[in-house]
Each structure stands twice: as structure tokens, then as C-alpha cells.
Amino acid sequence: MAYSEENDPRTKYYTQEFPKQYQEPPALQMKMKPKPDCGEESYIGSGKLTGKKVLVTGGDSGIGRAAAIAYAREGADLAINYLPEEQPDAEEVKKLIEAEGRKAVLIPGDLSSEDFCKELVDQAYRELGGLDVLALVAGMQQAVEDISDLPTEQLYKTFEVNLFSLYWIVKAALPHLPKGASIITTSSVEGYNPSPILLDYAATKHAIIGFTVALGKQLAPKGIRVNSVAPGPIWTPLQICGGQLSENIPKFGQGTPPTPLNRAGQPAELAGAYVLLASDESSYSTCQVYSVTGGMPTP
Ligand code: NAD
Ligand code: MG
């Protein structure tokens, strides 16, 4: 194949500086400049998940949206969770899923409530008529430079949303999951190489890796696989609603933090990992973390 900028990993996606921007959390992807690329125009499926029933948390935007689009194009029916404020982004995803002839069940609600996590799983199971894959992508990130300024309320919320909801969702889903089911968590390069401004977030991402490996060992005898995806710096709403210091937005993924590929990733570049871990093709992979970091090293 001849060289083209479109297949060079350095130039395949956006490489310029990002315009400074801020939205209150949770930010809407549709208002971002440039809009993250979640594979809306590019992802091509090949029947890898035909007939599977998948719950995606954080499926309205960013990495979760990229996974949801890919799952639908691979033949899966989907339940999508997000916060009620994100309804406009979620409606876009529903349209994209339905355009593939797949089912899209929208279930808004706050994952920091254990009761809601149970309701979410029950509704997804009921309306999809089963559950084969949990793609647990939702997360929150608020940068705070000094531990003295880290509000206890934020500390609880970050742990509830990023970490505790995984326990609550898995507990509720386990009675429904068949042998061959796959659970995918979302950790981060921050779980290995934490930033000084993400004391709470990085700790949850490190803990998610421990949770994933321990749960994978616990569920292997039941024929259920558990893996995690660890993204590097990816251009998503999470970053522009307080996830990064605003002065770091322009060079996000370039100078701060630096990546060997010298650019931020786009959510579309994560879709392949979520598809692989959901599909039966990865039947011998469990208790693993799959890094998609632009080359930032992970153990
Ligand atoms: P995103 O903002 O598009 O997705 C995060 C989603 O989490 C939101 O859309 C929202 O629906 C959901 N969420 C947040 N708080 C919630 C709550 N209380 N209840 C229910 N849902 C809630 O951003 P993203 O970057 O695609 O994030 C997806 C995952 O990827 C997160 O777990 C994040 O930690 C992880 N991650 C992102 C990056 C990055 O650079 N963007 C890097 C490493 C890991
Ligand atoms: Mg969102």
C-alpha cells in the first residue's frame, strides 16, 4: 500500500493545537471544537458480535460512544447509560445504532447510586432479552492542583462513579451473565503513571486494574472473562469539563502529557480494543489490561 497521511499513525487524526474551551461537567460532545471522532464515518463491522446483548456505560460520548458504534456495526443490540444532562449526545448515538438495524435502549441515570446501578442492569437485561457483555466505560475526572483543595465530596463521588459502580453493576448482572460473557472495565495510563493533579482519579484507575484482575480470577471458573482497556490521552468531553487544567488543553496529548506519537488519540482508535475484548476471538484473554496510549509505556 502506498504511503498516505491517512494511514500514518502520527497524522491519521487531528494533530493541531486544540482551542481552549470549558463546559460544566458533564460536557456535551456536540458542543466541542473539534468534535471527537468516535468512528461515526469510519468504523466498518464484520459480524464479530452478532446477536450479543451489550450494556455500555458512558455510551453517549467519547470512548463509550466509539465502543457503542462499533458494537452495533458488529451486530450487537445495546443498552446505553449516561447522565440525564447528556440526553442530546445519547440521542445521536441511538440514531447511529438504529441505522445499523440494531436495538438501542437509552437508560439515563447516576452511577453513584447503588440502587440506580441495580435498576440499570435489570432494565438492560429485560429490554434486551439478555446480557452478554458489560462495557463499563463511564468515569469522571476533576483536576485539583493541591490536596488541601480536594473537596471530600469530590473524593467520594470520584470513587463512587469510577470504582464502586463497577462492583454494584457486576453484582447485579452476575445472575444474568451466561458462560462466555465478557466484562470490560476502563482504567487508564493514570493507573500506572499518575499525574500530580489527579490524586483521586488516578487512585480509582489503579484500583480498577486490581479489581479487574481479581474479578477475572474469581469468574474464570464460571466461564466469564474480565479485562480492562487503559487509554492514554484521548480527546473527549471528560478533558474539557475540568479533567485537565485549562492551560493544558491546547497541547493535550502533545506536550502535556507527551506521547511518542505526539498527538492526542481519538475515541475511534479505542473501538478495536473494546470489540476484541467483547468478542469470542479473545477467548484466551482474561485478567488483562490492553493499553491504547499513543506509545506511553505501561507495565
Ligand atoms: P466522556 O466524558 O465522553 O465519557 C465519560 C462518561 O461517563 C460521560 O459521558 C458520562 O455519561 C459518564 N458519567 C460520568 N459521571 C457519571 C455518573 N455520575 N453517572 C453515570 N454516568 C456518568 O469521556 P471519555 O474520556 O470517553 O471517558 C470514558 C472513560 O475513559 C472514563 O472511564 C475515563 O476515565 C477513561 N479514560 C479517558 C481518558 C481520556 O484521555 N479521555 C484516558 C484514560 C481513561
Ligand atoms: Mg458524555
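Parameters and conventions
Residues numbered from 1 in each chain as written. Chains lettered and ligands numbered in written order. Predicted model: local features only at pLDDT ≥ 70, side-chain atom pairs only at ≥ 80, totals over all residues. Heavy atoms only, no water. Core = buried A, V, L, I, M, F, W, Y, C linked by side-chain atoms within 4.5 Å. Buried < 20%, exposed > 50% of the residue type's maximum accessible area, 1.4 Å probe, protein only. Helix = DSSP H or I, 4+ residues; strand = E, 2+ residues; numbered from the N terminus. Contact = heavy atoms within 4.5 Å. Salt bridge = Lys/Arg side-chain N within 4 Å of Asp/Glu carboxyl O.

(A) Inspection of the nonpolar core at higher detail. Val 56, Tyr 71, Leu 78, Ile 80, Ile 184, Val 229 and Tyr 274 are the most contacted members of the largest nonpolar core, which has 33 residues in total. Among the elements of the structure, strand 1 (53–57), helix 1 (62–73), strand 2 (77–82), helix 2 (87–98), strand 3 (104–108), strand 4 (133–136) and helix 7 (271–278) are those that each provide at least two residues to this core. With near-sequence residues (within four places) excluded, Val 56 lies in contact with Gly 64, Tyr 71, Leu 78, Ala 79, Ile 80, Asn 81, Ala 135 and Val 137. Of all hydrophobic cores here, the second largest spans 31 residues; its members include Val 105, Ala 172, Leu 177 and Ile 183.

(B) Quick look at the environment of Gly 129. As for its position among the elements, Gly 129 is in the loop between helix 3 (114–128) and strand 4. Put simply, Gly 129 and Gly 139 are 10 residues apart on the chain and 26 Å apart in space, counted from C-alpha to C-alpha. When sequence neighbours within four positions are dropped, the list of residues in contact with Gly 129 reads Lys 53 and Ala 124.

(C) Spotlight on the pattern of salt bridges. For the structure shown, the criterion picks out 12 salt bridges. Of the charged contacts, one joins Asp 8 and Arg 10 as a salt bridge, the two residues approaching to 2.6 Å between their closest N and O atoms. Members of the salt-bridge network, linked through shared partners, are Glu 40, Arg 65, Asp 89 and Glu 92.

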